[in-house]
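Structure at a glance
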Amino acid sequence: MSTETDEHLLAALLGSTRALILRAIHSCRGATTGRLAKTIGVSAATVSEHVKIMRNSGLLTSTRHAQNVLHIVTPLGRRLLDSRL
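Below: a short report on this structure. Just so it is clear, the model here is predicted, and its values are computed rather than measured. Numbers given for residues are sequential positions, taken from 1 along each chain in its written order. Thresholds applied to this predicted model are a pLDDT of at least 70 for local features of residues and 80 or more for the giving and counting of side-chain atom pairs; totals over whole chains, interfaces and linings are not thresholded and use all residues. Hydrogens and water molecules were not included; the side-chain quantities draw on all heavy atoms of the structure.

Considering the overall build of the protein chain
Assigned secondary structure in the protein chain consists of 5 helices and 3 strands. Strands are runs of DSSP state E lasting at least two residues, helices are runs of H or I lasting at least four, and both sets are numbered from the N terminus onward. Scanning the protein chain from its N terminus toward the C terminus, one meets helices and strands in the order α-α-β-α-α-β-β-α. A compact globule built from 85 residues would reach a C-alpha radius of gyration of about 12 Å, and the protein chain, at 12 Å, matches this within 12%. Taken along its principal axes, the extent of the C-alpha atoms in the protein chain is 40 × 25 × 20 Å. Here the protein chain, with 85 residues, has 32% of them falling under the buried criterion. Two residues form a contact once any of their heavy atoms are found within 4.5 Å. In the protein chain, the proportion of contacts linking residues at least 24 apart, taken out of those at least 6 apart, comes to 49%. Of the roughly 5200 Å² that the protein chain leaves accessible, carbon and sulfur atoms contribute 53%. We treat Lys and Arg as the positive residues and Asp and Glu as the negative residues; His and chain ends play no part in the count. Where a charge lies is defined by one atom per residue type, namely NZ (Lys), CZ (Arg), CG (Asp) and CD (Glu). Taking the average place of the 11 positive charges on the side chains of the protein chain and the average place of its 5 negative ones, the gap between the two points comes to 11 Å. Note that the radius of gyration is over C-alpha atoms, with the globule rule given as 2.2 Å times the number of residues to the power 0.38. For each residue, the accessible area found with a 1.4 Å probe, counting protein chains only, is set against the maximum for its type, and the residue is called buried under 20%, exposed over 50%, and partly exposed in between. Each accessible area is a Shrake-Rupley result for a 1.4 Å probe, and residues are judged covered by the shown protein chains and nothing else.

Given below as structure tokens:
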């Protein structure tokens, strides 16, 4: 299966915005809400809503550092990204 096909399948499973967020966090080895908002071109509130859903699903963890929240992909999230869908 091609990488493009994998991207489409991941987007179909998670939704395109969540797939972008998960990939962005993974590629940066962690990212803040503000950085994700700038990277994918949505508001911080939108990122927060999507991150909350993925965190509740076990795909991400989030840790507050002063005024920032750092999001990291969990082992489950990495397995999803690394799998051939």
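Moving on from the coordinates now.
Comments concerning the nonpolar core
Nonpolar cores were defined as sets of buried Ala, Val, Leu, Ile, Met, Phe, Trp, Tyr and Cys residues, with membership established by side-chain atoms within 4.5 Å. Counting residues in each nonpolar core, the largest one holds 19 residues, and the members touching the most others are I21, L22, I25, L36 and L60. For this core, the secondary structure elements donating two or more residues are α1 (3-14), α2 (16-28), α3 (33-40), α4 (44-56) and α5 (75-82). With 5 residues, α2 is the largest single contributor of residues to this core. Setting aside its immediate chain neighbours within four residues, I25 contacts G30, A31, L36, L60, H71, I72 and V73.

Considerations on the sheet that holds strand β2 (residues 60-65)
Each strand in a sheet pairs with its neighbour through backbone hydrogen bonds, running either in the same direction (parallel) or in the opposite one (antiparallel). Strand order in the open sheet formed by 3 strands is β1-β3-β2, with antiparallel pairing between adjacent strands. Two strands close off the open sheet at either side, each with one partner strand: β1 (31-32) and β2. At least two bridges found by DSSP between two strands is the condition for calling them paired.

Digging into the packing of α2 against α3
When two helices pack together, you describe them by how their axes are tilted relative to each other and by the distance separating the axes. Lines are fitted to the C-alpha atoms to define the axes, a helix being fitted only along its stretch in contact, and any angle between axes, read from their N-to-C directions, falls within 0 to 180 degrees. It is the contact of α2 with α3, at a shortest axis distance of 10 Å, that shows an interaxial angle of 120 degrees. Pair α2 / α3 crosses with right-handed handedness. On α3, the residues touching T17, L20, I21, A24, I25 and C28 of α2 are R35, L36, T39 and I40. The classification used treats Ala, Val, Leu, Ile, Met, Phe, Trp, Tyr, Cys and Pro as nonpolar, Asp, Glu, Lys and Arg as charged, and all other residues, Gly among them, as polar. Of the residues contributing to the contact of α2 with α3, the split by class is 7 nonpolar, 2 polar and 1 charged. Left-handed describes a crossing in which the near helix is turned anticlockwise from the far one by less than a right angle; the clockwise case is right-handed.

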